[in-house]
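Okay, here's what each chain looks like letter by letter:
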Amino acid sequence: MKILIGSTVALALLALVVVLVGSRLPERHRARMTARIDTTPETVYALIADVEHAPEWRKDVTSVERLPAEDGTPRFRENGKHGKITYRIEAAEAPHRFVTRIADTDLGYGGSWTWDIRPDGSGSLVTITEDGEVGSPLFRFLSRYVFGHYASLESTLRALGARFGGSAPRRLDD
C-alpha cells in the first residue's frame with residue numbers, strides 16, 4: 001500500500017512540475033527550417049499547393065478533402081498522424097509563397113505555416129516557418145520538450161527531399 005501511495009504522490013508531483021514548467025513557457029513560438037531541393041520553385045510550389053495529393057509524398061497524411069471556401073478563403077481537411085485538422089489557405093503566391101493556417105479552434109493548438117521557395121542554382125531553397133500557438137501548459141511542455149517544435153517541419157522537408165532530392169533540413173534561428 002505504501003508503494004501505491006508513494007507512486008501516486010510521485011506521479012502527481014511530476015504532473016504538477018510539468019504543468020508549472022509549461023505555464024512558464026510562452027504560448028506562441030516560431031520555428032524555421034530550410035532545405036535545398038533539387039527542382040525548380042515552380043515544381044515545388046505545384047506539389048505543395050496541390051493539397052489533395054499530399055498523401056502521395058507525406059507519410060504523416062493519409063487523406064485530404066477540399067472543403068467549401070469560407071468568406072472566400074479556400075479550406076481543406078487533412079487526416080493523418082495528428083487526427084483530422086482543418087486548414088485555410090491564407091496566401092497562394094506562385095511560385096514563391098504558400099501560407100496555411102489551422103482553422104479549427106478546439107484543438108488546443110493552432111498557428112500557420114509559411115512556405116518560402118526561392119531559386120537556388122538549378123534547384124530551390126525551401127524554408128518553412130511555423131508560427132504556432134499552444135494554449136494548454138501541459139501541451140506547451142510536451143510540444144517544447146517531448147515532440148519538439150521542429151519535428152513536423154523536418155519530416156515535411158525530408159519528404160520533399162525524398163521526392164526530388166536535396167539537402168538535409170537545417171534549423172534557422174530567429
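These numbers were taken from a predicted model, which means no experiment stands behind them. (Residues numbered from 1 in each chain as written. Predicted model: local features only at pLDDT ≥ 70, side-chain atom pairs only at ≥ 80, totals over all residues. Heavy atoms only, no water.)

Caption draft 1: Quick peek at the environment of Leu-67. Inspection of the secondary structure puts Leu-67 in strand 2 (residues 61–70). By relative accessible area, Leu-67 is classed as buried at 14%. Considering only alpha carbons, one finds Leu-67 and Arg-77, ten residues apart in sequence, at a separation of 7.0 Å. Filtering out sequence-adjacent residues up to four positions away, Leu-67 remains in contact with Arg-75, Phe-76, Arg-77 and Thr-86. (Helix = DSSP H or I, 4+ residues; strand = E, 2+ residues; numbered from the N terminus. Buried < 20%, exposed > 50% of the residue type's maximum accessible area, 1.4 Å probe, protein only. Contact = heavy atoms within 4.5 Å.)

Caption draft 2: Molecular detail of unusual backbone geometry. Note the cis peptide between Ala-94 and Pro-95, where omega equals -5°. Assignment of secondary structure puts Pro-95 in the loop between strand 4 (83–93) and strand 5 (97–102). A positive phi angle, close to 55°, is found at Asp-71, a residue other than glycine. In this fold, Asp-71 is placed in the loop between strand 2 and strand 3 (73–80). Of the residues examined, Asp-71 reaches a relative accessible area of 80% and is grouped as exposed.

Caption draft 3: Representation of the pairing of strand 4. For strand 3 and strand 4, the ladder comprises six bridges, and the chain directions are antiparallel. Looking across to strand 4, one finds that Phe-76 is bridged to Tyr-87. Where strand 3 hands over to strand 4, the hairpin turn is made up of two residues, counted between the paired strands. Here strand 4 pairs with strand 5 via six bridges, running antiparallel. Residue pairing across strands places Ala-91 opposite Val-99, the latter belonging to strand 5. Where strand 4 hands over to strand 5, the hairpin turn is made up of three residues, counted between the paired strands. (Pairing = 2+ DSSP bridges.)

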